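# Descriptive structure summary
Listed here are the chains, written in short residue letters.
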Amino acid sequence: MRRLITVMLVSASLASPVIIDRIAIVIGKSIIKDSDIERDLRVTEFMNGDPLDVGNAARKKAASRLIDQVFIRREIEVGDYPNATFKQTDEQLDQLKRRRFKTQAAFEQAMRQYGIPELDLRTQLQWQLTILSFIDIRFKPAVLVTDEEIEKYYNDHAAALRRQHPGKSSLDELREEIRNILAGEKENQEFFKWLDDQRKEAAIQYVEASLR
């Protein structure tokens, strides 16, 4: 009887379906799995309010984002840059709910529609906040905004600036707002240039050729 039970258990385990999470991309010693792409795709589309699309074009975009994130994660770990806190993540999640959904039930329904658990959403929000902090700390010191650039931006965008900042109209009144805008643009330029350099130096192997 014991032998029969053992055989039945072994047979049952052999008959159970095995789900294999395939490796899609290899970057040096790091890997990106199919499940990573699927998760990033669904969560990103949910956060952006885009229609759910799991087609190949959407998968390629998600794969490209994840390749960049490999480089960012390495830099954050090597440089010991700070991670966003749970409190910051909760605040960001609350803002998302208030901006996009009338009720908690509507939020939960949308999560089910996109096929994502709240933990994945929280993880993504925390990671995005961590990246924003990394960009600010890593690239802001190299940014220089000149008075000439501020004046030119004011001349080119004066009407829009006045609409965005009621009660302020002159260059002096809007100087700091313009400086922050230009500094942010330059930070992003430095960041994307750094990412391009990382890609050029990295050995990226596309195991799933359609993601290339």
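Use the structure listed above.
Let me begin by describing the structure that accompanies this report. Keep in mind that this is a model prediction, so the values were computed, not measured.

When helices and strands are tallied, the chain shows eight helices and three strands. When the helices and strands of the chain are placed in sequence order, the string is α-β-β-α-α-α-α-α-α-α-β. At 23 Å, the chain has a C-alpha radius of gyration far larger than the 17 Å of a compact globule built from 212 residues. With the principal axes as the frame, the chain shows a C-alpha extent of 90 × 45 × 30 Å. Every one of the 212 residues in the chain was classed for burial, and the buried ones make up 33%. Only carbon and sulfur atoms are counted for the fraction: they give 54% of the accessible area of the chain, which is about 14,000 Å². Averaging the coordinates of the 34 positive side-chain charges in the chain and doing the same for the 35 negative ones gives two points 7 Å apart.

This part covers the environment of D21. Position of D21 among the secondary structure elements: in the loop between α1 (2-15) and β1 (23-27). Since its relative accessible area comes to 35%, D21 is described here as partly exposed. Apart from the residues lying within four places of it in its own chain, the contact partners of D21 are K33, D34 and S35. Within the structure, D21 has its side chain in polar contact with the side chain of S35 (distance 2.5 Å).

Further remarks concern the nonpolar core. Of all hydrophobic cores here, the largest spans 26 residues; its most connected members are I25, I32, I37, I72, F134, F191 and W194. Listed by contribution, the elements that provide at least two residues to this core are β1, α2 (34-48), α3 (56-79), α6 (118-139) and α8 (171-201). Considering every element that reaches this core, the biggest residue donor is α3, with nine residues. Counting 13 residues, the second-largest nonpolar core is a separate cluster that includes V43, F46, L96 and F101.

If a residue is not glycine, its phi is most likely negative; likewise, a peptide bond is most likely trans. Despite not being glycine, D80 shows a phi value in the positive range, around 55 degrees. Tracing the backbone through its elements, the reader meets D80 in the loop between α3 and α4 (86-100).

Now for the packing of aromatic side chains. The tally for this structure, following the rule as stated, stands at eleven aromatic pairs. Their ring planes at 85 degrees and their centres at 5.1 Å tell us that Y81 and F134 sit as a pair that is edge-to-face. One end of the pair, Y81, is in the loop between α3 and α4; the other, F134, is in helix α6, with 53 residues separating them in the sequence. Classification of F134 as buried rests on a relative accessible area of 1%. Grouping aromatic residues by their ring pairs yields a cluster made of Y81, F134, F139, F191, F192 and W194. Sitting above the plane of the W127 ring, R73 keeps its charged end 3.9 Å from the centroid.

Along the chain, K97 turns up in helix α4. Comment: no salt bridge for buried K97; closest opposite-charge side chain is E118, at 4.3 Å. Those residues in contact with K97 that sit more than four places away from it in its chain are Q104, F107 and E118.

The sheet built from three strands is open, its strands ordered β2-β1-β3 with antiparallel pairing. The open sheet has two edge strands, β2 (30-33) and β3 (204-206), and neither has a second partner. When the angles between neighbouring strand axes are averaged without regard to direction, this sheet yields 20 degrees. Across four bridges, β1 lies against β2 in antiparallel orientation. Its bridge partner lying in β2, I25 is registered against I32.

Checked against the element boundaries, D40 lands in helix α2. Leave out the neighbours within four places in its chain, and D40 touches A62, R65, L66, Q69 and Q124.

Taken across its five residues, β1 has four buried, putting it largely inside the fold. Connecting the antiparallel pair β1 and β2 is a turn made up of two residues, with G28 showing a positive phi of about 60 degrees.

Rules of the game
- Residues numbered from 1 in each chain as written.
- Predicted model: local features only at pLDDT ≥ 70, side-chain atom pairs only at ≥ 80, totals over all residues.
- Heavy atoms only, no water.
- Helix = DSSP H or I, 4+ residues; strand = E, 2+ residues; numbered from the N terminus.
- Rg over C-alpha atoms; globule rule 2.2 N^0.38 Å.
- Buried < 20%, exposed > 50% of the residue type's maximum accessible area, 1.4 Å probe, protein only.
- Areas by Shrake-Rupley, 256 points an atom, 1.4 Å probe, with all protein chains shown as cover.
- Lys, Arg positive; Asp, Glu negative; His and termini not counted.
- Charge placed at Lys NZ, Arg CZ, Asp CG, Glu CD.
- Contact = heavy atoms within 4.5 Å.
- Polar contact = N/O pair within 3.5 Å; in protein donor to acceptor, adjacent residues only side chain to side chain.
- Core = buried A, V, L, I, M, F, W, Y, C linked by side-chain atoms within 4.5 Å.
- Phe/Tyr/Trp six-rings, centres within 6.5 Å; stacked < 30°, edge-to-face > 60°.
- Lys NZ or Arg CZ within 6 Å of the ring centre and 35° of its normal.
- Salt bridge = Lys/Arg side-chain N within 4 Å of Asp/Glu carboxyl O.
- Pairing = 2+ DSSP bridges.
- Axes fitted to C-alpha atoms, helices over the stretch in contact; angles between N-to-C directions.

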